[in-house]
Amino acid sequence: MWKLKVAEGHGGWLTTTNNHVGRQYWEFDPEAGTPEEIAQVERFRDEFKKNRFQVKQSADLLMRMQLRKENPSGPIPPAVKLKEAEDVTEEAVTTTLRRGISFYSTIQAHDGHWPAESAGPLFFLPPLVMALYVTGAVNAILSPEHQKEIIRYIYNHQNEDGGWGIHIEGHSTIFGSCLSYVCLRLLGEGVEEGGEGGAVARGRKWILDHGGATGIPSWGKFWLTVLGVYEWDGCNPMPPEFWLLPKFSPIHPGKMLCYCRLVYMPMSYLYGKRFVGPITAVVQSLRQEIYNEPYHQINWNKARNTCAKEDLYYPHPLVQDFLWGFLHHFVEPVLMRLPTLREKALKVAIEHVHYEDENSRYLCIGCVEKVLCLIACYVENPNSEAYKRHLARIPDYFWVAEDGLKMQSFGCQMWDAAFANQAIISSNLVEEFAPTLRKGHEFVKASQVQENPSGNYSAMYRHTSKGAWTFSMQDHGWQVSDCTAEGLKCSLLFSQMSPELVGEKIETSRLYDAVNVIITLQSSNGGFPAWEPQRAFRWLEKFNPTEFFEDVLIEREYVECTSSAIQGLALFKKLHPGHRTKEIEKCISKAIKYIEDTQDSDGSWYGCWGICYTYGTWFAVVGLAACGKTYNNSPALRKACEFLLSKQLPDGGWGESYLSSTNKVYTNIPGNKSNLVQTSWALLSLIDAGQAEVDPTPIHRGIRLLINSQMEDGDFPQQEITGVFMKNCTLNYSSYRDIFPIWALGEYRRRVLYA
């Protein structure tokens, strides 16, 4: 039986800065579990499989089952159900809150964080399997049980038409289908007999019916080439010599968005090496299986810029295709004849890879980069310490649920904990749930980054991180503006509470460090980027090489990050009025202007990290309200209320499709279904904006939906995914289903019922 392990780390190849606090990984124990528990897990799996085309997202039932057994709670009151005409009473709200927080406390880990899935993209896992295949480490790293659950996951998320999308809720694409198909084949699934109902054969048919693997986007071309089922001549150039450009160059990779930079850094190394894995019998067979013409007859030059229409979200501008052609036909042939220059470039590229590996304890910034850096280290030296340390960190990225084993983006431990603590505090039931909050507080304190990256970090294109909070855990090491601001806000809220209830408050000097990180990240327009200061010109985005993402090449500002920064700094200024006051006031003033200036004409804000206008609007409203803006003195808040009220559904809720993010037009979930997380975001917005003072009826209706939707055990149901990134890919945050209904109910109880 699978068991979730928390805050543990064994073996000599793991290093940690805080005794592994926040670490979560799954381990298969053949001796674990009673017969009843094992049977229950099988029922969970069967139920998911039966409904997989209607309910795409798993409900994290294996984790819930384990942690609830480890953290039993006493009996809770019966669920409250309100009729349509029935008033929302204080008793109904408080009972629902107690039930919800009681349940949520049982799935808190002993180190204080709430373990949860952060997955959904289908292009995360196959590259890892490919990397392990070419390095010969599949069976050493992936036990038979791992492989069984990976196969289960891929089959469970195959679309009815036979293909796979780039994420579990998306339409079929060549990228998702080729990677998933290849992964199944590498794990031993047969071409004709693999999967129920010929699932592998149906996947292959979908690929061939839609033009074959030559239409795979550039990232897919890269991975198929490394595996040996595509050719480097069919890839647009990624010369490592870019790392030798002078730093003042506007196209120096050090100016890229960190995620983009850290993808193309190891890619350029592997491209410069022209690395290809061993050509095995399976690889030879795949060359025949996924193309509509004989492999040796494929026009690789034509294939370079071929992208299937199902995959094409961001078409390359003509100027970009000219650039690729020039690099391919003229620049790269010259560079290939300059081996000394190439070796120098490769050395610089791999030095950057090692720097990032060491400063993230071999976690890397995310799962895409992790696999690329792993294989780069292998290619440099298959017996290296770096490669062994990479292998040891692979389990940190796995997550197991009733739909199988998936790969996470990198974990959202701190992000979820910051919101969860604030949600519980908002309920005014602090004394009842003090043990939960004490553990949550300890986790927040243990997760703050204590040091900057090593050495001359600015020369390695890194920013100050001392005092920051990461998205996941301290070992990750990457500062994020909104995570730092939410961590700061959490710490400040705890500092106002009795140490007897929630433990000793964080040292003031550490708060100062957090403020410093936040202030240094603000852009000239007042907005806040996520990871690093904005360094590049916006015109560079025209050269975005990915076909299925938008806004990936340069760092930019986000309403969510800007709002979090405002909230954290405003609360800090209130509680610590003597520290950098003028700087903070100027920073907040510019940030407010940025939020007001970026409001859409309909009163909404586009959210980049959640779906979508509901999410962005919540952040914007809370940020403005934190600085004294009200319904009466802020036209922006009034317009925001009008927007949200125009989207309220007949049942009192809100439900926004991921297509809003992709198409940049507000789109309801099919069937006009409500989503409880998005309903909570809308309610929090309306409460903060002052709608209750004008007409509280819409808020009452939304709260009634939350109360009536709570499950018997106090949990809230898993519904559609509500996270997103790069405009075109969803990401599930499974803790949101509990955090945000609790938060909305708490704010309603405190600020509407008790107003």
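The model shown is predicted, which means the values in this text are computed figures rather than measured ones. (Residues numbered from 1 in each chain as written. Predicted model: local features only at pLDDT ≥ 70, side-chain atom pairs only at ≥ 80, totals over all residues. Heavy atoms only, no water.)

1. Let's talk about the overall build of the protein chain
A count of helices and strands for the protein chain gives 30 helices and six strands. The globule rule puts the C-alpha radius of gyration for 755 residues at 27 Å, and the 25 Å found for the protein chain is close to it. The principal-axis extent of the C-alpha atoms belonging to the protein chain is close to 75 × 60 × 50 Å. Residues counted as buried form 65% of the 755 residues belonging to the protein chain. (Helix = DSSP H or I, 4+ residues; strand = E, 2+ residues; numbered from the N terminus. Rg over C-alpha atoms; globule rule 2.2 N^0.38 Å. Buried < 20%, exposed > 50% of the residue type's maximum accessible area, 1.4 Å probe, protein only.)

2. What to know about the pattern of salt bridges
The full count for this structure, using the stated rule, is 45 salt bridges. Ionic pairing is found between Arg-45 and Glu-42, a salt bridge with its closest N-O pair at 2.6 Å. With Arg-45 and Glu-42 both in helix α1 (residues 35-50) and three residues apart, the pair spans about one turn of that helix. Arg-45 gets classed as buried once you look at its relative accessible area, which sits at 9%. Of the residues examined, Glu-42 reaches a relative accessible area of 32% and is grouped as partly exposed. The partner of Asp-403 in a salt bridge is Lys-406, with the nearest N and O atoms 2.6 Å apart. Asp-403 sits in the buried class, given a relative accessible area of 1%. Owing to a relative accessible area of 1%, Lys-406 belongs among the buried residues under this scheme. Among the charged side chains, a network of salt bridges with common partners joins Arg-23, Arg-393, Asp-396 and Asp-475. (Salt bridge = Lys/Arg side-chain N within 4 Å of Asp/Glu carboxyl O.)

3. Quick notes on a nonpolar patch on the surface
Residues Ile-251, Phe-537 and Trp-539 make up a contiguous nonpolar surface patch of about 310 Å² in total accessible area. By the element assignment, Ile-251 lies in the loop between α9 (218-227) and α10 (258-273). A relative accessible area of 38% places Ile-251 in the partly exposed class. (Patch = residues over 30% accessible without salt bridge, like charges linked within 9 Å, V, L, I, M, F, W, Y side chains within 5 Å. Areas by Shrake-Rupley, 256 points an atom, 1.4 Å probe, with all protein chains shown as cover.)

4. Structural notes on helix α17 (residues 413-426)
In an α-helix there are 3.6 residues to a turn, and that puts residues three or four apart on one side. For α17, spanning 14 residues, the distance from its first C-alpha to its last is 20 Å, which sits close to the expected 20 Å at 1.5 Å a residue. A large share of α17 lies buried, amounting to 14 of its 14 residues. Looking at the residues trailing α17, positive phi occurs at Asn-428, about 60°. (Expected span 1.5 Å × (residues − 1).)

5. Observations concerning the packing of aromatic side chains
A full pass over the atoms with the stated rule returns 50 aromatic pairs. Taken together, the ring pairs connect Phe-410, Trp-415, Phe-419, Phe-471, Tyr-615, Trp-618, Phe-619, Trp-681, Tyr-733, Tyr-736, Phe-740 and Trp-743 into an aromatic cluster. Directly above the aromatic system of Tyr-271 lies the positively charged group of Arg-274, at a separation of 4.1 Å from the ring centroid. (Phe/Tyr/Trp six-rings, centres within 6.5 Å; stacked < 30°, edge-to-face > 60°. Lys NZ or Arg CZ within 6 Å of the ring centre and 35° of its normal.)

6. With respect to the pairing of strand β3 (residues 398-401)
The side-chain alternation of β3 yields two buried faces, one formed by Phe-398 and Val-400 and the other by Trp-399 and Ala-401. Relative to strand β4 (residues 404-407), β3 is paired through four bridges, and the arrangement is antiparallel. If you follow Ala-401 over to β4, its bridge partner there is Gly-404. Remark: two residues form the turn of the hairpin made by β3 and β4, two consecutive strands paired antiparallel. (Pairing = 2+ DSSP bridges.)

7. A short note on the side chain of Arg-749
Locating Arg-749 in the fold gives a position in helix α30 (residues 736-753). Since its relative accessible area comes to 8%, Arg-749 is described here as buried. One polar contact links the side chain of Arg-749 to the main-chain carbonyl oxygen of Ser-427, over a distance of 2.7 Å. Sequence-distant contacts of Arg-749, defined by excluding residues within four places in its chain, comprise Glu-90, Val-93, Thr-94, Leu-97, Ser-427, Asn-428, Leu-429 and Tyr-754. (Polar contact = N/O pair within 3.5 Å; in protein donor to acceptor, adjacent residues only side chain to side chain. Contact = heavy atoms within 4.5 Å.)

8. As for unusual backbone geometry
Positive phi, normally seen in glycine, also occurs at Lys-664, with a value near 60°. Mapped onto the secondary structure, Lys-664 falls in the loop between α26 (659-663) and α27 (676-689). When its relative accessible area of 36% is taken as the criterion, Lys-664 is described as partly exposed. Residue Met-726 is not a glycine yet carries a positive backbone phi of 50°. Residue Met-726 is classed as buried on the basis of its relative accessible area of 13%.

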